[in-house]
Amino acid sequence: MAFDAQAERNFKVVGTRVARPDGIDKVTGKAAYGADISAPGMLHGRILRSPHAHARIVSIDTSAAEALAGVKAVVTGADLAQPEDEGFADVAINCLARDKVLYDGHAVAAVAATSKSIAKQAIRLIKVDYAVLPHVTDVDAAMKPDAPVVQEGRALETVPAGMSQNVTTHCQFGHGDLDAGFAKADKIIERSFKTAATHQGYIEPQACMASLGSDGRGEVWCCTQGQYMVRANCAAVLGVEESQLRITSSEIGGGFGGKTSTFIEPVALALSRKAGKPVKIVMTRDEVLKATGPTISSSMDIKIGMTKDGRITAARGELRYSGGAYPNATVDMGAQAAFAAYDLEAVETVGWNAMTNRPKEIPYRAPGAPTSIYAVESVVDELCQELGLDPLDVRLLNAARKGTLSSYGPTFNDIGLVATLEAAKAHPHYTAPLGPNQGRGLSCGFWFNFGGNTCVSLNINDDGTVGVVEGNPDIGGSRASISMMAAEELGVPYDKVRTVIADTSSLGFNDITDGSRVTFAVGLATIEAARAAIKEMCRRIAKIWDIDEDAVIWEDGCAKPAGPNAGTHPPMSLAEIAAIAGNTGGPIAGHHEVNADGAGVSFGVHLCDTEVDPETGATKILRYTVFQDAGKAVHPDYVEGQMQGGAVQGIGWALNEEYIYGEDGRLQNAGFLDYRVPVASDLPDIETVILEIPNPGHPYGVRGVGETPIVPPLAAIANAVSRAAGVRMTELPMSPPRLLKAMTG
Amino acid sequence: MVRVKLWGSLRALADGEEWVEVEASNFKELLDALAEKHPGLAPQIKRGVSLALDGVIYREAWFTKIGPENEVILMPYMVGG
Amino acid sequence: MKTIPVETTINGDSTEFLCQPDESLLDVLRDRLGMTGAKEGCGTGDCGACSVMLDGRLVCACLVLGVEAQGAEVETIEGMANGEELHPLQRVFVEEAALQCGVCTPGILVAAKALLEKNPDPTDTEVRYWLAGNLCRCTGYDKIIKAVQTAAAEMRSA
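Counting restarts for each chain: residues are numbered from 1 in the order of the written sequence. Going through the entries in the order they are written, you letter the chains from A and number the ligands from 1. Owing to the predicted nature of the model, reporting of local features is limited to residues with pLDDT of at least 70; listing and counting of side-chain atom pairs is limited to 80 or more, with chain, interface and lining totals taken over all residues. Here the side-chain values reflect all heavy atoms present in the structure, with hydrogen atoms and water set aside.

Student: If you had to explain the overall build of chain A to someone new, which residues and values would you point to?
Tutor: Only DSSP runs of H or I reaching four residues or more are called helices, and only runs of E reaching two or more are called strands; each is numbered from the N terminus. Looking only at helices and strands, chain A features 20 helices and 27 strands. Throughout, radius of gyration means the C-alpha value; the globule benchmark is 2.2 Å times the number of residues raised to the power 0.38. The C-alpha radius of gyration computed for chain A amounts to 27 Å, which stays within 12% of the reference 27 Å derived for 745 residues, consistent with globular compactness. Based on the C-alpha atoms only, the size of chain A along its principal axes is roughly 85 × 75 × 50 Å. Each of the 745 residues in chain A was classed as buried or not, and the buried ones make up 66%. Contacts between residues were defined by any pair of non-hydrogen atoms, one from each residue, lying within 4.5 Å. Once local pairs closer than 6 in sequence are excluded, the contacts in chain A between residues at least 24 apart make up 79%. Each residue gets one of three labels from its accessible area relative to the maximum for its type: buried under 20%, exposed over 50%, partly exposed in between, using a 1.4 Å probe on protein chains only.

Student: Please give an account of the sheet that holds strand S18 (residues 466-470) of chain A that cites residues and values.
Tutor: All names here are of chain A. Being paired, for any two strands, means DSSP has found at least two bridges between them. The mixed open sheet is built from four strands, whose spatial order is S19-S18-S17-S23. With partners counted over all chains shown, the strands left at the sheet margins are strand S19 (497-501) and strand S23 (588-596), one partner each. Looking at each pair of strands side by side, their axes are set apart by 15° on average, direction ignored. Lines are fitted to the C-alpha atoms to define the axes, a helix being fitted only along its stretch in contact, and any angle between axes, read from their N-to-C directions, falls within 0 to 180 degrees. The strands touched by helix H14 (residues 478-490) are strand S17 (452-460), S18 and S19; relative to S19, the strand with the most contacts, the crossing angle is about 135°.

Student: So what's going on with empty space enclosed by the protein? Residues and values would help.
Tutor: To find the voids left in a structure, one rolls a probe of water-molecule size over its atoms. All names here are of chain A. Only protein atoms enter the 1 Å grid used here. Points where a 1.4 Å probe fits but cannot escape make up a cavity, open sets with protein on both sides within 12 Å along at least five of seven lines make up a pocket, and a residue lines them when an atom lies within 4 Å of a point. Grid points are joined across faces, edges and corners, and a volume is the space filled by probe spheres set on the points. Following the criterion strictly, the structure yields seven cavities of 30 Å³ or more and no others. Size it by volume and the largest cavity reaches roughly 490 Å³. Looking at the largest cavity, it is lined by 33 residues, and the ones nearest its centre are Ile475, Gly476, Thr519, Gln642 and Gly706. Broken down by secondary-structure element, the contributors of at least two residues to the lining of the largest cavity are H14, helix H15 (518-545) and helix H18 (636-655). Take the lining of the largest cavity: its biggest share by element is three residues, from H18. The class makeup of the residues in the lining of the largest cavity is eleven nonpolar, 15 polar and seven charged. Each residue is assigned to one of three groups, with Ala, Val, Leu, Ile, Met, Phe, Trp, Tyr, Cys and Pro labelled nonpolar, Asp, Glu, Lys and Arg labelled charged, and all others, Gly among them, labelled polar.

Student: Describe in detail the interface of chain B and chain A, supporting the description with residues and values.
Tutor: Counting from both sides, the interface comprises 29 residues of chain B and, opposite them, 40 residues of chain A. Summed over both partners, the interface of chain B with chain A comes to about 2,400 Å²; 55% of that surface belongs to carbon and sulfur atoms. In the sections that follow, a salt bridge refers to a side-chain nitrogen of Lys or Arg positioned within 4 Å of a carboxyl oxygen of Asp or Glu. Applying the counting criterion to the chain B and chain A interface returns two salt bridges. With its nearest N and O atoms 3.7 Å apart, the salt bridge here joins Arg59(B) to Asp511(A). Accessible area, probed at 1.4 Å, shrinks when two parts are joined; the buried area is that loss added up over both.

Student: I'd like to hear about the pairing of strand S5 (residues 72-76) of chain B, residue by residue, with values.
Tutor: A regular strand places its side chains on the two faces of the sheet in alternate fashion. Residues and elements named next belong to chain B. Within S5, five of the five residues are buried, leaving the element largely enclosed by the surrounding structure. As paired elements, strand S1 (residues 2-5) and S5 share two bridges and run parallel to each other. Bridge assignment links Lys5 to a residue of S5, and that residue is Ile73. Where strand S3 (residues 49-53) lies against S5, five bridges are found, and the strand directions are antiparallel. If you follow Ser50 over to S5, its bridge partner there is Met75.

Student: Please set out the pairing of strand S15 (residues 347-354) of chain A residue by residue, giving values where relevant.
Tutor: Residue and element names in this part refer to chain A. For S15, a buried count of eight out of eight residues is recorded, marking the element as mostly surrounded by other parts of the structure. Neither face of S15 is left uncovered, since the one carrying Val347, Thr349, Gly351 and Asn353 and the one carrying Glu348, Val350, Trp352 and Ala354 both have all their residues buried. Pairing of strand S7 (residues 167-175) with S15 involves eight bridges; the strand directions are antiparallel. Across the sheet, His170 pairs through a bridge with Trp352, a residue of S15. Pairing geometry for strand S14 (residues 312-322) and S15, over seven bridges, is parallel. Counterpart to Arg316 in the pairing with S15 is Glu348.

Student: Break down the nonpolar core for me, citing the residues and quoting the values.
Tutor: Residues enter a nonpolar core if they are buried and are Ala, Val, Leu, Ile, Met, Phe, Trp, Tyr or Cys, with the set joined through side-chain atoms within 4.5 Å. Counting residues in each nonpolar core, the largest one holds 216 residues, and the members touching the most others are Ile304(A), Phe446(A), Phe448(A), Tyr624(A), Ile717(A), Leu74(B) and Phe93(C). One finds Leu458(A), Ala487(A), Ala578(A) and Ala596(A) within the second-largest nonpolar core, a separate group that totals 49 residues.

Student: Could you give an account of H15(A), with specific residues and numbers?
Tutor: Residues and elements named next belong to chain A. Expected helix span is given by 1.5 Å per residue-to-residue step, counting one fewer step than there are residues. Here H15 spans 39 Å end to end across 28 residues, near enough to the 40 Å set by a 1.5 Å rise per residue. Across the 28 residues that make up H15, a large majority, 20, are buried. Once H15 ends, the next one or two residues include Asp546, with phi positive near 55°.

Student: Could you give an account of the packing of helix H2 (residues 88-95) of chain C against helix H3 (residues 105-118) of chain C, with specific residues and numbers?
Tutor: All names here are of chain C. One way to put it is that H2 packs onto H3 with a least axis distance of 10 Å and a crossing angle of 130°. Between H2 and H3, the crossing angle belongs to the class labelled oblique. Handedness of the H2/H3 crossing: right-handed. Touching Leu89, Gln90 and Phe93 of H2 are Thr105, Ile108, Leu109, Ala112, Lys113 and Leu116, all from H3. Partitioned by chemical class, the residues of the contact of H2 with H3 number six nonpolar, two polar and one charged. Angles below 35 degrees are treated as roughly parallel, those above 145 as roughly antiparallel, those between 65 and 115 as roughly perpendicular, and all remaining angles as oblique. It is the rotation of the near helix from the far one that decides the hand of a crossing: anticlockwise by less than a right angle makes it left-handed, clockwise makes it right-handed.

Student: An account of the sheet that holds strand S4 (residues 100-101) of chain A is requested, with residue identities and associated values reported.
Tutor: Hydrogen bonds along the backbone pair up the strands of a sheet, which may run parallel or antiparallel. Residue and element names in this part refer to chain A. Strand order in this open sheet of three strands is S4-S2-S6, and the pairing throughout is antiparallel. The open sheet has two free edges, formed respectively by S4 and strand S6 (127-132), since each of these has just one partner strand. Sheet topology places strand S2 (residues 55-61) next to S6; six bridges connect them, and they run antiparallel. When the bridges of S6 are listed, Arg56 appears paired with Ala131.

Student: Tell me what's going on with the UniProt feature "domain: Aldehyde oxidase/xanthine dehydrogenase a/b hammerhead" (unreviewed entry) in chain A, and back it up with residues and numbers.
Tutor: UniProt positions are given in the numbering used here, feature names are shortened, and annotations may be inferred rather than shown by experiment. Annotation from UniProt places "domain: Aldehyde oxidase/xanthine dehydrogenase a/b hammerhead" (unreviewed entry) at residues 28-134 of chain A. Secondary structure over residues 28-134 of chain A splits into 23% helix and 33% strand, and the C-alpha atoms at its two ends are 51 Å apart.

Student: Give a detailed account of the domain arrangement of chain A, specifying residues and quantitative values.
Tutor: Reports often express the size of an interface as the amount of accessible area lost when the parts come together. Residue and element names in this part refer to chain A. A domain assignment, automatic or from a database, supplies the domain bounds used here. Once the domains are mapped, chain A shows domain 1 (34-133 + 205-252 + 259-291), domain 2 (297-449 + 600-744) and domain 3 (451-563). Of note, the centres of domain 1 and domain 2, computed from C-alpha atoms alone, are 37 Å apart. In this assembly, 19 residues from domain 1 lie in contact with 19 residues from domain 2. Interface area, domain 1 with domain 2, both sides summed: about 1,600 Å², of which 59% is carbon and sulfur. The interface formed by domain 1 and domain 2 includes one salt bridge. As a salt-bridge pair, Asp104 and Arg666 come within 3.5 Å of each other at their nearest N and O atoms. Any pair of N or O atoms that falls within 3.5 Å is considered a polar contact. Within protein, one atom must be able to donate a hydrogen and the other to accept it, and sequence-neighbouring residues count only if both atoms are side-chain atoms. Counting across the domain 1 and domain 2 interface gives six residue pairs in polar contact (both at pLDDT 80 or more).

Student: Tell me about the arrangement of the chains, and please be specific about residues and values.
Tutor: Ranked by contact count, the leading pair among the two pairs of chains in contact consists of chains A and C. Separating chain B from chain C is a minimum C-alpha gap of 14 Å, and the two share no contact.

Student: Describe the interface of chain A and chain C, listing the residues and the values that go with them.
Tutor: Tallying the contact residues gives 51 residues for chain A and 44 residues for chain C. Among the residues chain A hides against chain C, the three largest losses belong to Val27(A), Ile203(A) and Ala680(A). Together they make up 18% of the total. Where chain A touches chain C, the interface holds eight salt bridges. Residue Lys116(A) is joined to Asp27(C) by a salt bridge in which the shortest nitrogen-to-oxygen separation is 3.1 Å.

Student: Summarise the pattern of salt bridges; cite the residues concerned and give the values.
Tutor: All names here are of chain A. Overall, the coordinates contain 66 salt bridges over all chains when judged by the stated rule. Residue Arg738 is joined to Glu731 by a salt bridge in which the shortest nitrogen-to-oxygen separation is 3.6 Å. Overall, Arg738 belongs to the partly exposed group, its relative accessible area being 23%. Of the residues examined, Glu731 reaches a relative accessible area of 32% and is grouped as partly exposed. Here the residues in one salt-bridge network are Arg20, Asp22, Lys26, Glu251, Asp474 and Arg479, joined through shared partners.

Student: So what's going on with the layout of surface pockets? Which residues, and what values?
Tutor: As a volume, the second largest pocket reaches approximately 1,200 Å³. Forming the boundary of the second largest pocket are 40 residues, of which Arg46(A), Lys116(A), Asp27(C), Asp31(C) and Glu40(C) lie nearest the centre. Residue assignment for the lining of the second largest pocket shows that the elements contributing at least two residues are strand S1 (43-49), helix H4 (116-124) and strand S12 (279-282) of chain A together with helix H1 (25-32) of chain C. When its residues are assigned to classes, the lining of the second largest pocket shows eleven nonpolar, 13 polar and 16 charged.

Student: I'd like a rundown of the domain arrangement of chain C, residues and numbers included.
Tutor: Residue and element names in this part refer to chain C. When its domains are assigned, chain C resolves into domain 1 (4-79) and domain 2 (88-157). Between domain 1 and domain 2, the C-alpha centre-to-centre distance is 22 Å. At the junction of the two partners, domain 1 supplies 13 residues and domain 2 supplies 13 residues. When domain 1 packs against domain 2, close to 970 Å² is buried across both sides, 66% of that on carbon and sulfur atoms. Put simply, domain 1 and domain 2 have one salt bridge between them. A salt bridge links Glu75 to Lys113; its shortest N-O distance comes to 3.5 Å. The tally of links between domain 1 and domain 2 comes to five residue pairs in polar contact (both at pLDDT 80 or more). The dominant element in the side of domain 1 that touches domain 2, judged by the number of residues it contributes, is strand S3 (residues 51-54), at three residues. Within the side of domain 1 that touches domain 2, the residues separate by chemical class into six nonpolar, four polar and three charged.

As structure tokens, then:
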């Protein structure tokens with residue numbers, strides 16, 4: 001759907017900072033999240049998890065648990081279907097293992113009991129006989145030909161023969177003559193990097209309440225980024241039909257990509273089917289960290305050549321990602337994104353994914369991009385240092401722009417990178433003085449953004465208000481932005497519109513809330529649905545006025561005659577038209593179903609000042625500024641919120657957050673005390689600068705904004721820390737012990 | 001005829017070609033023709049691909065029109081967070 | 001395990017409940033009393049999502065036993081607004097977009113109110129350190145700190 005020239009008009013609602021519709025419920029404690037509802041007769045479910053990184057399940061004896069008073073059902077992997085589709089099969093064996101456990105924390109059995117404490121007691125009575133297998137948790141180790149094999153036969157056809165069976169994915173992107181490019185360079189730097197897996201760290205653990213009858217009809221209430229995804233997974237894993245499952249998404253207490261998969265809902269349904277009662281499962285934080293989505297861990301080599309005046313002549317990256325115990329394609333995204341910010345004559349990125357005995361990777365904001373761009377931006381910064389060049393000028397000199405052949409294939413059209421870099425250069429932050437042990441870093445970031453499958457139904461109520469029904473859980477304020485776009489298009493005040501999120505039985509299929517797609521794609525469908533309703537209203541009024549349908553226009557929330565030839569009818573407001581809908585043909589509604597494309601890629605630039613403590617290795621973030629192209633910021637507060645939240649998650653990734661595995665392959669820090677996410681006292685204000693370079697693929701020019709902000713912080717901070725500490729840091733996180741070691745040699 | 005660019009790791013499955021020419025007027029025809037001409041590409045196409053048309057990325061839109069004047073790039077299927 | 005009768009005051013209302021000796025105050029509030037405003041983000045006192053006041057002291061309800069509420073005054077997010085009238089902190093959080101997913105919000109509001117009762121005119125640094133025990137993963141804290149300061153200024157001039 002093309003950018004609307006009309007969007008040049010002055011927006012009335014879009015771009016304002018209205019109060020969010022879910023605000024009052026959230027500040028008074030009334031909002032209902034995954035764990036907040038209960039049902040009569042409800043049982044409590046609990047999951048038994050593997051203590052081993054890798055083991056064959058010899059036998060599971062559930063008899064003692066079943067015999068415990070208050071236990072109403074016990075299930076194991078044998079109670080789930082074995083879907084043929086590989087994706088669903090992975091979900092099934094990840095929900096409850098079958099033959100092998102693949103990581104510390106892998107679910108093996110579950111119970112439902114009349115109380116939490118009985119359920120807890122019961123899982124201790126389940127006896128699992130494990131034959132422990134050798135394990136591997138490091139990506140480089142997993143790629144060695146003699147590494148323990150996590151799963152057999154999972155390599156794609158693109159993986160060359162002779163590699164470890166852990167290697168599942170191989171990809172390569174790029175263009176141009178690398179050798180010729182490197183030969184033209186005055187300086188070439190080649191560095192290797194490692195990054196730890198991190199967790200999305202949403203504050204609300206996964207939770208659900210599920211009920212499934214012997215007739216195959218079920219209901220699930222759960223916190224998820226996609227109720228239709230939950231439905232598909234549950235139907236496949238339980239062998240029931242999608243039409244029989246109604247999934248309702250609760251308020252969601254954070255996701256960041258981490259709630260784009262299914263861990264507990266099929267288990268709760270299986271328990272419920274056996275027990276004949278609703279079952280609630282709430283994960284503990286320990287379970288969340290051990291068994292739900294961390295990111296990939298990575299090992300990367302980057303080589304970049306530059307002339308002494310700062311032109312990049314050639315660039316090559318090799319990425320080795322591990323997405324845990326299952327195949328995944330995150331490295332494809334990382335490899336495509338790595339050099340996206342640059343206009344390069346010769347570039348190549350090669351990617352590999354290797355399985356390790358870690359939990360299944362689940363997307364986390366711009367999956368794959370933060371790590372590869374961290375490595376690339378670190379080397380660019382080091383080249384600038386070595387050649388005595390200004391890092392912003394070098395980015396501007398090499399920046400991708402309209403007409404640039406991107407490193408991942410297509411030629412860019414309208415993109416906002418240069419404007420974003422120029423905004424950073426003009427900002428006072430860039431020239432502010434620095435003190436001793438302080439350093440300034442910057443980095444570009446990039447994300448693709450998606451559209452995707454979307455349904456919206458918009459109803460004109462008889463009192464002249466408007467209801468919008470959409471199917472994407474609201475993770476960042478999207479109900480507000482959707483209501484705003486409906487109000488804008490219809491010409492009614494924002495508070496006349498209420499947007500609700502449908503359960504799976506009330507609206508057609510929607511893709512998950514991912515890829516920064518909701519404000520873009522659901523917004524687009526809402527605008528189309530509103531236009532359909534407007535068309536219908538104009539048609540009805542044309543009948544009343546007895547003129548041509550085309551002679552009625554919609555302006556400022558009213559139907560009006562198009563011009564003098566259409567007569568002198570007084571305008572009719574939406575409310576007036578709604579009030580007589582029954583007389584003019586019945587209820588008025590608009591709807592739109594689309595697989596939206598044209599989301600438009602997004603770039604951001606982050607500037608960061610840090611101070612390192614030479615005695616402790618601790619890093620303090622002194623100042624942080626985020627510059628990002630939002631296309632059109634529908635609700636600027638929540639655009640800023642995305643930019644600030646993403647930046648801080650990136651700060652955590654850069655400085656502290658880390659999955660730490662012991663020699664035994666077990667996760668050593670499965671709690672918020674030891675897996676340290678940034679707290680308020682760690683941080684300065686996060687300044688934001690929103691640029692608005694309209695996306696040609698959206699009527700209002702909207703681009704997704706949610707993911708790009710997590711991409712630049714890793715390198716922005718690494719570059720600032722490296723400059724402050726006088727030593728190039730090549731491993732994340734730059735935790736105090738690691739930095740101290742680097743500084744003291 | 002439409003020219004479509006394959007990403008590097010697919011080229012080994014398409015006789016080493018970077019650009020493949022096929023007869024097609026939309027994405028569906030393009031993907032069908034690619035899988036027929038180079039059966040090695042069929043598994044990837046079945047798993048899912050994206051296509052960039054003059055710089056705009058499309059995930060699954062079969063009936064998107066394409067012609068010889070367009071830049072058509074095959075890309076892996078996109079996932080997000 | 002036998003349950004124990006407990007008499008307490010919650011948000012000014014005298015309340016009686018039965019709980020097991022090992023049951024947390026958080027579980028009592030959520031599971032027995034239907035007060036689900038306090039959230040369990042970790043169960044180990046690290047995230048602050050279950051912050052409540054116990055006899056005027058800010059505590060993590062997940063680290064307090066239900067039986068410890070015997071004879072005590074408990075204040076939760078459910079008691080923060082006066083009927084329809086929001087507490088200034090609650091109102092400003094909505095006005096200034098200091099929340100996104102909102103799951104940490106009840107705990108942060110309870111904690112921020114406790115701060116402003118002790119220190120009506122805190123510096124940004126004092127707010128940041130006071131709220132260091134309340135994790136928020138969505139906002140980057142920026143708008144939260146600013147909203148607390150706006151509410152504090154408003155409360156001082158009231």
